[in-house]
Amino acid sequence: DGVGLLRTEFLFQGAASMPDEDEQAAAYAAVADPLGGRPLTIRTLDAGADKPLSYLAVPPEANPFLGVRGVRLSLAQPQQLRLQLRAVLRAAAGRAIRVMFPMVADVDEVRRALAVLDEARASLTDEGVPVPPHVETGIMLEVPAAALLAEKLAPLVDFFSVGTNDLTQYTLAAERGNAGVAALFDPLHPAVLGLIARAAAAATATGRRLAVCGEVAGDCLAVPLLVGLGVDELSMNPAAIPAAKQAVRATDAAEAAALAREALSAESAAAVRRLPADASATAG
């Protein structure tokens, strides 16, 4: 229980100009306080592509989904990232707050983002502002390259969060908002599951946690597969939580692992979706 992904872009989209540090720190604290010590995972600004901000100078792009978005935009404007991270660190004093960076594609991006976090912490410390000695940091695995580099990325962070919506569209080259390729867009495709399995193996080997967020995390058909792949946390819309919890309770870990192995060797998403029914028929 807690908040697995706080989409901070909503705070930015609702403003006529960039929210200042005090406004951001107050907003993050206001979300964390009612949680009563349960974790709040704050994703840094994920703007660009389908989430433009009028007050950020970003040139038009022919294909914004493959352009300057997520952590790429933040690293291109490090002063804004530093301001946001200062606000997160201030809010994290005495609260269970984590921070994660979106749209990561390689190791260098993570190191650069963590360097800005260190700068933000050092500046607050110099000013005598209380900050926690450690804030858990993570990255979103949304780009296939990041999942393929999970073994190299894991030592740099405390956790991974798989953004299945973007990971699916980039893996299958099927934009999730395009009705013409909607039939191709399926997070239970064996290729997508294979990337999640690779990330899970890297997380397990290094003692990191692996979360999954996106619509598939609340899909009761998918829950046993995700458990079987080695996923530790599921993040979803609040309305989906009760059914997803029940799906977890009803899942046998050994059976889920066997189901996941079958899914990884399947030929298509349709074949994966038939597996639970086939297993039930066999058991019956």
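Residues numbered from 1 in each chain as written. Predicted model: local features only at pLDDT ≥ 70, side-chain atom pairs only at ≥ 80, totals over all residues. Heavy atoms only, no water.

**With respect to the nonpolar core**
By size, the foremost hydrophobic cluster in this structure holds 78 residues, and its most contacted members are Phe 160, Ile 196 and Leu 210. By residue number, the principal contributor to this core is helix α9 (residues 190-206), which donates nine residues. Excluding residues that lie within four positions of it along the chain, Leu 210 makes contacts with Phe 160, Val 162, Ile 196, Ala 199, Ala 200, Ala 203, Val 231, Asp 232 and Glu 233. (Core = buried A, V, L, I, M, F, W, Y, C linked by side-chain atoms within 4.5 Å. Buried < 20%, exposed > 50% of the residue type's maximum accessible area, 1.4 Å probe, protein only. Helix = DSSP H or I, 4+ residues; strand = E, 2+ residues; numbered from the N terminus. Contact = heavy atoms within 4.5 Å.)

**Description of the packing of helix α8 (residues 164-172) against α9**
With their axes 9 Å apart at the nearest point, α8 and α9 run at an angle of 125° to one another. The pairing of α8 with α9 is recorded here as oblique in orientation. When the axes of α8 and α9 are compared, the crossing they make is right-handed. Between α8 and α9, the residues in contact are Thr 164, Leu 167, Thr 168, Thr 171 and Leu 172 and Ala 191, Val 192, Leu 195 and Ile 196, respectively. (Axes fitted to C-alpha atoms, helices over the stretch in contact; angles between N-to-C directions. Parallel < 35°, antiparallel > 145°, perpendicular 65-115°, else oblique. Left-handed = near helix turned anticlockwise from the far one by under 90°.)

**Remarks on helix α4 (residues 78-92)**
The end-to-end C-alpha distance of α4, which contains 15 residues, comes to 20 Å, matching closely the 21 Å that a straight helix rising 1.5 Å per residue would cover. Turning to α4, its buried residues are Leu 81, Gln 84, Leu 85, Arg 86, Ala 87, Val 88, Leu 89, Ala 91 and Ala 92. On the buried face of α4, the contacting elements are α1 (9-13), α2 (21-32), β2 (40-43), α3 (71-76), β3 (97-101) and α5 (107-126). Note on α4: the residue one or two positions beyond its end, Gly 94, has a positive phi of about 80°. (Expected span 1.5 Å × (residues − 1).)

**Some points on the pairing of strand β5 (residues 159-163)**
Among the five residues of β5, five are classified as buried, and the element is accordingly described as predominantly covered. Here β5 shows a buried face lined by Phe 159, Ser 161 and Gly 163 and a second buried face lined by Phe 160 and Val 162. Two strands pair when backbone bridges link them, and strand β4 (residues 137-141) and β5 are joined in this way by four bridges, in the parallel orientation. From the neighbouring strand, Ile 139 faces β5, where its bridge partner is Phe 160. Direction of pairing for β5 relative to strand β6 (residues 209-213): parallel, over a ladder of five bridges. Its bridge partner lying in β6, Phe 160 is registered against Leu 210. (Pairing = 2+ DSSP bridges.)

**Some points on unusual backbone geometry**
Even without being glycine, Met 103 reaches a positive phi, approximately 65°. Mapped onto the fold, Met 103 is located in the loop between β3 and α5. At Ala 173, a residue that is not glycine, the phi angle is positive and equals roughly 50°. As for its position among the elements, Ala 173 is in the loop between α8 and α9. With relative accessibility at 67%, the residue Ala 173 sits in the exposed group.

**Notes on α5**
An α-helix turns once per 3.6 residues; consequently, residues spaced three or four apart project the same way. Helix length check: α5, at 20 residues, gives a terminal C-alpha distance of 29 Å against a target of 28 Å (1.5 Å per residue), a fit within 8%. Looking only at α5, the buried set comprises Val 107, Glu 109, Val 110, Ala 113, Leu 114, Val 116, Leu 117, Ala 120, Arg 121, Ser 123 and Leu 124. The N-capping residue of α5, defined by a side-chain oxygen 3.2 Å from the backbone nitrogen of Asp 108, is Asp 106. Downstream of α5 by a residue or two, Gly 128 has a phi angle that is positive, lying close to 80°. (Polar contact = N/O pair within 3.5 Å; in protein donor to acceptor, adjacent residues only side chain to side chain.)

**Some words on the packing of aromatic side chains**
Scanning all chains against the criterion turns up zero aromatic pairs. Lying over the aromatic face of Phe 159, Arg 98 brings its terminal NZ or CZ to 5.7 Å of the ring centre. (Phe/Tyr/Trp six-rings, centres within 6.5 Å; stacked < 30°, edge-to-face > 60°. Lys NZ or Arg CZ within 6 Å of the ring centre and 35° of its normal.)

**Digging into the pattern of salt bridges**
Applying the stated criterion across every chain, the model contains 19 salt bridges. A salt bridge links Asp 22 to Arg 90; the nearest nitrogen and oxygen atoms lie 2.9 Å apart. With Asp 22 in helix α2 and Arg 90 in helix α4, the pair connects residues that are 68 residues apart, well separated along the chain. Overall, Asp 22 belongs to the partly exposed group, its relative accessible area being 48%. Taking relative accessible area as the criterion, Arg 90 reaches 28% and is therefore assigned partly exposed. Its salt-bridge partner being Arg 273, residue Asp 219 comes within 3.6 Å of it at the nearest N-O pair. Linking Asp 219 in the loop between β6 and α10 (223-229) with Arg 273 in helix α13 (residues 269-283), this pair joins segments that are 54 residues apart in sequence. (Salt bridge = Lys/Arg side-chain N within 4 Å of Asp/Glu carboxyl O.)

None of this, on its own, says anything about what the molecule does.
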